[in-house]
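Structural overview for review
If you want the building blocks of each chain, they are given just below.
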Amino acid sequence: MNTKNLVVLALLAGIGVVLHTVMPAFLTIKPDMMLAMMFLGIILIPEIKSVMLLAIVTGVLSGITTSFPGGTIPNIIDKPVTALIFFGLFLALKKYRNSIISVGVLTGVGTLVSGTVFLGSAYFLVGLPGPFAAIFAAGVLPAVVLNTVVMVILYPVAQSIVKRTNLSSASVIQK
């Protein structure tokens, strides 16, 4: 893992924290915009060390900035699980991974996984402040739409930047 990759991951985590902090909560759950930045980091630097580092940092940062009652530990559980599933799906789609459609679909699926893991772990650890289905509909489904739209906008921009800067580990995007 080189310094350039660490800087990219840190920038994405920082942008994610700002987005997560300013996002308003709906029924005590914020649509997790930090996920889009985590997913973009996984796509840009598809190495297991980077994925796990980014997942842990993202989990801690989103846990610190959460408005969900008792949501710190569920965030720390959710992000590594989601990152590994997203990374696995990303690697499995080797032939299609550079397509904006597949990146958008992966982001939507990853956000659904994250919301399910988060709410499931929150349910078992601290309880939910309302019915699972209502919180899922009010928090997770808007996050799926928002994250997918954000990724569809940001991915081509990231591709362009990576091509110009020769980010070493981002060989996936440089094709």
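Residues numbered from 1 in each chain as written. Predicted model: local features only at pLDDT ≥ 70, side-chain atom pairs only at ≥ 80, totals over all residues. Heavy atoms only, no water.

The next subject is the overall build of the chain. Assigned secondary structure in the chain consists of six helices and zero strands. Along the chain, helices (α) and strands (β) appear in the sequence α-α-α-α-α-α when read from the amino end. Here the chain has a C-alpha radius of gyration of 15 Å; the compact-globule value for 175 residues is 16 Å, and the two agree. The dimensions of the chain, computed from C-alpha atoms along their principal axes, are 45 × 30 × 25 Å. Sequence-distant contacts in the chain: of pairs separated by 6 or more residues, those separated by 24 or more amount to 73%. Element-wise, carbon and sulfur atoms account for 76% of the exposed surface of the chain, whose accessible area totals about 7,900 Å². (Helix = DSSP H or I, 4+ residues; strand = E, 2+ residues; numbered from the N terminus. Rg over C-alpha atoms; globule rule 2.2 N^0.38 Å. Contact = heavy atoms within 4.5 Å. Areas by Shrake-Rupley, 256 points an atom, 1.4 Å probe, with all protein chains shown as cover.)

Our next topic: the pattern of salt bridges. Pairs can form between side chains of opposite charge whenever their charged atoms are close. Taken as a whole and assessed by the stated rule, the structure comprises two salt bridges. The partner of Asp 32 in a salt bridge is Lys 79, and the shortest N-O contact between them spans 2.7 Å. Linking Asp 32 in the loop between α1 (3–22) and α2 (34–44) with Lys 79 in helix α4 (residues 72–92), this pair joins segments that are 47 residues apart in sequence. Its salt-bridge partner being Lys 79, residue Asp 78 comes within 2.7 Å of it at the nearest N-O pair. Look at the salt bridges and you will find they share partners, linking Asp 32, Asp 78 and Lys 79 into a network. (Salt bridge = Lys/Arg side-chain N within 4 Å of Asp/Glu carboxyl O.)

Mapped onto the secondary structure, Gly 130 falls in the loop between α5 (100–125) and α6 (132–165). What makes Gly 130 partly exposed here is its relative accessible area of 29%. (Buried < 20%, exposed > 50% of the residue type's maximum accessible area, 1.4 Å probe, protein only.)

On to the environment of Asn 5, then. Tracing the sequence through the fold places Asn 5 in helix α1. Sequence separation between Asn 5 and Phe 87 is 82 residues; the distance between their C-alpha atoms is 17 Å.

A few words on the packing of α4 against α5. Their axes nearest at 8 Å, the elements α4 and α5 cross at an angle of 150 degrees. As judged from the angle between their axes, α4 and α5 are roughly antiparallel. Both α4 and α5 take part in a crossing whose hand is right-handed. Along the contact surface, α4 presents Ile 73, Pro 74, Asn 75, Ile 77, Asp 78, Lys 79, Val 81, Thr 82, Ile 85, Phe 86, Leu 89 and Phe 90, while α5 presents Leu 106, Thr 107, Val 109, Gly 110, Val 113, Ser 114, Val 117, Phe 118, Ser 121, Ala 122 and Leu 125. Its residues assigned to classes, the contact of α4 with α5 shows 15 nonpolar, six polar and two charged. (Axes fitted to C-alpha atoms, helices over the stretch in contact; angles between N-to-C directions. Parallel < 35°, antiparallel > 145°, perpendicular 65-115°, else oblique. Left-handed = near helix turned anticlockwise from the far one by under 90°. Nonpolar A, V, L, I, M, F, W, Y, C, P; charged D, E, K, R; others polar.)

Within the chain, residue pLDDT values average 87, and 90% of them lie at 70 or more. Segment residues 171–175: pLDDT under 50, and 17 contacts once partners within four positions in sequence are set aside and those in other chains are kept. (pLDDT = per-residue confidence, 0-100.)

Next up on the list: the packing of aromatic side chains. Applying the stated criterion across every chain, the model contains four aromatic pairs. Seen from their ring centres, Tyr 123 and Phe 124 are 5.1 Å apart, and the 75 degrees between their planes marks the pair as edge-to-face. By relative accessible area, Phe 124 is classed as exposed at 69%. Consider the rings of Phe 132 and Phe 136, whose centres lie 6.0 Å apart with planes at 15 degrees: the pair is stacked. One end of the pair, Phe 132, and the other, Phe 136, are both in helix α6, four residues apart, so they sit about a helical turn from each other. The class of Phe 136 is buried, set by a relative accessible area of 18%. (Phe/Tyr/Trp six-rings, centres within 6.5 Å; stacked < 30°, edge-to-face > 60°.)

Our focus in this paragraph is the nonpolar core. Met 38, Leu 40, Ile 42, Ile 43, Leu 44 and Met 151 are the most contacted members of the largest nonpolar core, which has 29 residues in total. Looking at this core, the elements that each hand over two or more residues are α1, α2, α3 (48–64), α4, α5 and α6. Top contributing element to this core by residue count: α2, with nine residues. Core analysis: the second largest hydrophobic core is formed by nine residues, Leu 119, Ile 135, Phe 136 and Val 144 among them. (Core = buried A, V, L, I, M, F, W, Y, C linked by side-chain atoms within 4.5 Å.)

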